[in-house]
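Listed below are the residues making up each chain.
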Amino acid sequence: MNVNEAINKRKSIRKYQDREISAETASELLNAARKAPSAKNVQSHRYFVVKNKDIKEKLVNNKVFKQDYVYNAPLIIVCCADPSQYPKSVDVDETPEHYAYIDLSVAASFLILRATELGLGGVFVAWIYRDKLRKALNIPENYIIPFVLPIGYPAEDPPSKPRKSLNEICE
Ligand SMILES: Cc1cc2nc3c(=O)[nH]c(=O)nc-3n(C[C@H](O)[C@H](O)[C@H](O)COP(=O)(O)O)c2cc1C
């Protein structure tokens, strides 16, 4: 599958087969994120990978996600970034926090396209209770937690969502 095919194939997947994702495959995904570019090459992204049943149960018990399907994913990648990694002096009107959001989003896109290539499906989930999630996984206070990525082998094939035309998005 080439990049264009992965871009066109990717869609949000919210139902997953009861099939484990191997440690090697999980590493493939995280390595794709690792290769992404970042502002000043700071690489502020950090991931908490949830596979373990006990930890998942802790997330369920603490109701960290608004949507229950997230708990059913064989792999939940909690995507964080540490804005304090950037140099103190910031450029123009950019802030370290902006850079952290941008860099993490770029990296997560690499990850999700690699997942697509490997026959996996997932979805960006921002609908999370961050304080509860932070506590449950001991995520440092200074990390931002913009979204999580539940990932698994797809158990659904929903229709692709429509996109605006080029004319509508190019001004
Ligand atoms: C930043 C971001 C946050 C999102 N948050 C959620 C979410 O909390 N729950 C959810 O079910 N989908 C979430 N989505 C998925 C979007 O609804 C979905 O990507 C969009 O409708 C387009 O559909 P597609 O991904 O199938 O192309 C999110 C997507 C993005 C990019």
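Our subject is the structure listed above.
Residues numbered from 1 in each chain as written. Predicted model: local features only at pLDDT ≥ 70, side-chain atom pairs only at ≥ 80, totals over all residues. Heavy atoms only, no water.

Chemist: Quick rundown of helix α2 (residues 23–34)? Include the residues and the values.
Modeler: The end-to-end C-alpha distance of α2, which contains twelve residues, comes to 16 Å, matching closely the 16 Å that a straight helix rising 1.5 Å per residue would cover. Listing the buried residues of α2 in full gives Thr25, Ala26, Leu29, Ala32 and Ala33. The buried residues of α2 occupy an angular sector of 120° when the element is viewed end-on, so they sit on one face. Across α2 from its buried face, at more than 90 degrees, point the exposed residues Ala23 and Glu24. Against β1 (45–50), β2 (75–81), α4 (96–117) and β4 (144–152) lie the buried residues of α2. (Helix = DSSP H or I, 4+ residues; strand = E, 2+ residues; numbered from the N terminus. Expected span 1.5 Å × (residues − 1). Buried < 20%, exposed > 50% of the residue type's maximum accessible area, 1.4 Å probe, protein only. Arc of directions from axis to C-beta. Contact = heavy atoms within 4.5 Å.)

Chemist: Please give an account of the environment of Pro159 that cites residues and values.
Modeler: Locating Pro159 in the fold gives a position in the loop between β4 and α6 (166–169). Separated by 35 residues in sequence, Pro159 and Phe124 place their C-alpha atoms 17 Å apart.

Chemist: So, the packing of aromatic side chains: which residues are in play, and what are the values?
Modeler: Scanning all chains against the criterion turns up four aromatic pairs. Ring geometry for Phe65 and Tyr71: centres 5.2 Å apart, planes at 50°, overall tilted. Relative accessible area serves as the criterion here: at 11%, Tyr71 is assigned to the buried category. Pairing Phe124 with Phe147 gives two aromatic rings, centres 5.2 Å apart and planes at 65°, and the pair type is edge-to-face. One end of the pair, Phe124, is in the loop between β3 (121–122) and α5 (130–137); the other, Phe147, is in strand β4, and 23 residues separate them in sequence. (Phe/Tyr/Trp six-rings, centres within 6.5 Å; stacked < 30°, edge-to-face > 60°.)

Chemist: Describe in detail the environment of Phe147, supporting the description with residues and values.
Modeler: On the accessibility criterion, Phe147 (7% relative accessible area) is buried. Taking C-alpha positions, Phe147 is 9.6 Å from Ala108, a pair spaced 39 residues apart along the chain.

Chemist: Outline the environment of Ile144, supporting the account with residue identities and numerical values.
Modeler: Along the chain, Ile144 turns up in strand β4. Using a relative accessible area of 8% as the deciding quantity, one classes Ile144 as buried. For the pair formed by Ile144 and Ile112, sequence separation is 32 residues and the distance between their alpha carbons is 20 Å. In this structure, Ile144 is in contact with Cys79, Cys80, Ala81, Pro83, Glu97, Ala100 and Tyr101, ignoring residues within four places of it in sequence.

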